[in-house]
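Descriptive analysis of the structure
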Amino acid sequence: MGSDHAFLVETRLSTLARKEGFDTLDAMVQELFASGKSRLAIQVVSALVERDTHFNRDTKSLDTLFNIALPDLVEKRGGGRIDLLSYGCSSGQDIYSVAIRARHSATKTMMGKAALHMTGVDYPSQALERAQAGRYTHFEVQRGLSTRDLIANFTPDLAPGSTDWIAAAHLRENVTFRDMHLMSGSEDIGEFHVVMFRGAIEHYTRTARVRVIRSLTKILRPYGYLILGSGETLQEQHSELEAVPGAPGLYRRLKIEPVYEPVGKQPNGQTTFEGSKARRTAGQ
Amino acid sequence: MSRRCLIIDQSSMVRRVAARIIREFGFEVIEARTGQDGLDACAGMSPEAVMLDWKTPDMGGAEFIAKLREIMERNGTPMPTVLFCTGERSVEQIVLALKAGADEYIMKPFDSDIIGSKFALAGLLDTAQMARGESAACAAH
């Protein structure tokens, strides 16, 4: 962050300080450093790193979901429940954009008897709280969301002075939000037919990238889909995932789990690497 | 030929701010204060887009669209894309505007993100054009 971000930092953190019951931003910072409170620390960091998002972000990759991934899953499963995860769901616009499009008549026809259930996960944050509340500002509902979709799925908050819009009950029907520590990988969040992880991978280091894709692959059902942003590709090889031709950012999980070592390498009883080079050389 | 957008609003401040944003999106902007001035402007040069307040000093939004459609049919020119830009935010009002034939509906106050997004939803801009206009970030009440 450069010095020109000072205003942004101050605005975001002052909002948090007020919400957390501090008189001033300074008071909150004092408390944070004095007590080392982890929950507060998480809130502070998340207020700073919250990504600016909007409804129907990256429509190309949403098209991929509705035109390629879901029709294939519906055909294979012939009905029942299809579970979708939005990993790093932030303030929830991605999930609600999917939920809105799932209610379009063309999608309903395509889905037939299958029901789409959507789960958004992110770090505990103000953004996630807003997602759970389904409450968006006057500005947010006018970014990426058509007026028809807005009035069909949101109602204006009638409280005096408020210009917010609130997600209607029907829109939240199959929508769940959960907070979790994304990189810990220890929490059980179930299995999914589709995992959406869009527009974030470029912010990860190589190691973190490999780790996050591995853990997302683990929660993906066989033949399930991983959806990255339409301009994103996996930089590393992941043997359990194959790119779907003609669908940028779309990967399918293969059925067979490579439990064993790569082909040609058999266990040799060795538990250390010591002397392995000598053995290999001798064997040639 | 440059693309033209007509802005109809009683307030010169709203017109000025909106015009600045819409110019950034590559449109030539024409301003009018009343519905009739707007209709006259449309008859002379058929704009690609019209952005207007629901309540102009001399006519309502539905009446404006009906008259505009009449003029365009008479001249054999295509109907412009119509966006309302107004302070009214009730669902009933928005439904009325869409029924009257509006392509999109902008609630004031707006900023360049909102205008860019709504222009894109109405098919007037693609994503790349929206990005170019982002430098014009400002808000108007």
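Bear in mind the structure is a predicted one, so any value in this text is a computation, not a measurement.

What counts, and at which threshold
Residues numbered from 1 in each chain as written. Chains lettered and ligands numbered in written order. Predicted model: local features only at pLDDT ≥ 70, side-chain atom pairs only at ≥ 80, totals over all residues. Helix = DSSP H or I, 4+ residues; strand = E, 2+ residues; numbered from the N terminus. Buried ≥ 20, exposed ≤ 12 C-beta atoms within 10 Å, placed from the backbone. Pairing = 2+ DSSP bridges. Right-handed = clockwise from strand over helix to strand, strands pointing away. pLDDT = per-residue confidence, 0-100. Contact = placed C-beta atoms within 7 Å. Nonpolar A, V, L, I, M, F, W, Y, C, P; charged D, E, K, R; others polar. Axes fitted to C-alpha atoms, helices over the stretch in contact; angles between N-to-C directions. Parallel < 35°, antiparallel > 145°, perpendicular 65-115°, else oblique. Left-handed = near helix turned anticlockwise from the far one by under 90°.

At the junction of Lys 108 of chain B and Pro 109 of chain B, the peptide bond is cis and its omega measures out at 0° in the coordinates. Its location among the elements puts Pro 109 of chain B in the loop between β5 (104-107) and β6 (110-111). Notably, Ser 90 of chain A is not glycine yet its phi reads approximately 50°, a positive angle. Within the secondary structure, Ser 90 of chain A is located in the loop between β1 (81-87) and α5 (93-102). Given 25 C-beta atoms within 10 Å, Ser 90 of chain A falls into the buried group. The phi dihedral of Tyr 223 of chain A falls on the positive side, at around 65°, and the residue is not glycine. With respect to the helices and strands, Tyr 223 of chain A occurs in strand β8 (residues 220-227). Classification of Tyr 223 of chain A by C-beta neighbours within 10 Å gives partly exposed; the count is 14.

The next thing to look at is the sheet that holds strand β5 (residues 165-167) of chain A. All names here are of chain A. Strand order in this open sheet of three strands is β3-β5-β4, and the pairing throughout is antiparallel. What marks the edges here is a single partner per strand, and that holds for β3 (135-136) and β4 (154-156). Note that β3 and β5 share two bridges and pair antiparallel. Within the sheet, the bridge partner assigned to Tyr 136 lies in β5 and is Trp 165.

Our focus in this paragraph is the pairing of β8 of chain A. Residue and element names in this part refer to chain A. Summarising the sheet, strand β7 (residues 192-196) and β8 pair through four bridges and their orientation is parallel. For Val 195, the partnering residue across the bridge sits in β8 and is Leu 226. Read as a crossover between parallel neighbours, the route from β7 over helix α10 (residues 206-218) to β8 is right-handed.

Our focus in this paragraph is the confidence of the model for chain B. Averaged over chain B, the pLDDT score is 91; the fraction of residues at 70 or greater is 89%. Confidence drops under a pLDDT of 50 for residues 135-141 of chain B, and excluding neighbours within four residues, the segment shows 20 contacts in the predicted structure.

Attention now goes to the interface of chain A and chain B. For interface size, the figure often reported is the accessible area lost on association. Each side of the interface is counted separately: chain A has eleven residues, and chain B has 15 residues. Per element, the largest residue contribution to the side of chain A that touches chain B is three residues, and it comes from helix α8 (residues 147-153) of chain A. Grouping the amino acids of the side of chain A that touches chain B by side-chain chemistry returns three nonpolar, six polar and two charged.

Attention now goes to the sheet that holds β5 of chain B. Residue and element names in this part refer to chain B. Here we have five strands laid out as an open sheet, ordered β2-β1-β3-β4-β5, and parallel in their pairing. A strand with exactly one partner marks an edge of an open sheet, and here the two such strands are β2 (27-32) and β5. Ignoring which end each strand starts from, the neighbouring axes of this sheet average 20° apart. The pairing of strand β1 (residues 3-8) with strand β3 (residues 49-52) spans four bridges and is parallel. Paired with Leu 6 across the two strands is Val 50, which belongs to β3. Seen against the sheet, helix α2 (residues 35-44) touches β1, β2 and β3 and runs at an angle of roughly 165° to β1.

Below, the discussion takes up the environment of Phe 192 of chain A. Residue and element names in this part refer to chain A. Structurally, the position occupied by Phe 192 is in strand β7. Placed 103 residues apart in sequence, Phe 192 and Cys 89 show a C-alpha to C-alpha distance of 15 Å. In contact with Phe 192, other than residues within four places in its own chain, are Asp 83, Leu 84, Leu 85, Ile 219, Leu 220, Arg 221 and Gly 224.

Here we take up the packing of α2 of chain B against helix α3 (residues 61-75) of chain B. Residue and element names in this part refer to chain B. Put simply, α2 and α3 touch, their axes get as near as 10 Å, and they point 20° apart. If you check the angle between α2 and α3, you find them roughly parallel. Crossing hand, α2 versus α3: right-handed. Contacts from Gly 35, Leu 39, Cys 42 and Ala 43 of α2 reach α3 at Phe 64, Lys 67, Leu 68, Ile 71 and Asn 75. Across the contact of α2 with α3, the residue classes tally to six nonpolar, two polar and one charged.

Residues and elements named next belong to chain B. Orientation of α3 relative to helix α4 (residues 91-100), taken along the N-to-C sense of each, is 5°, at an axis distance of 9 Å. If you check the angle between α3 and α4, you find them roughly parallel. Across the interface between the two elements, Gly 61, Ala 62 and Ile 65 from α3 touch Leu 96, Ala 97 and Ala 100 from α4. Grouping the constituent residues of the contact of α3 with α4 by class yields five nonpolar, one polar and no charged.

Residues and elements named next belong to chain B. Both β3 and strand β4 (residues 81-86) contribute to a ladder of four bridges, which runs parallel. Paired with Val 50 across the bridge in β4 is Val 82. The handedness of the β3 to β4 crossover, carried by α3, is right-handed. Where β4 lies against β5, four bridges are found, and the strand directions are parallel. Looking at the pairing, Leu 83 lines up with Glu 104 of β5. One crossover worth recording links β4 to the parallel β5 by way of α4, and it is right-handed.

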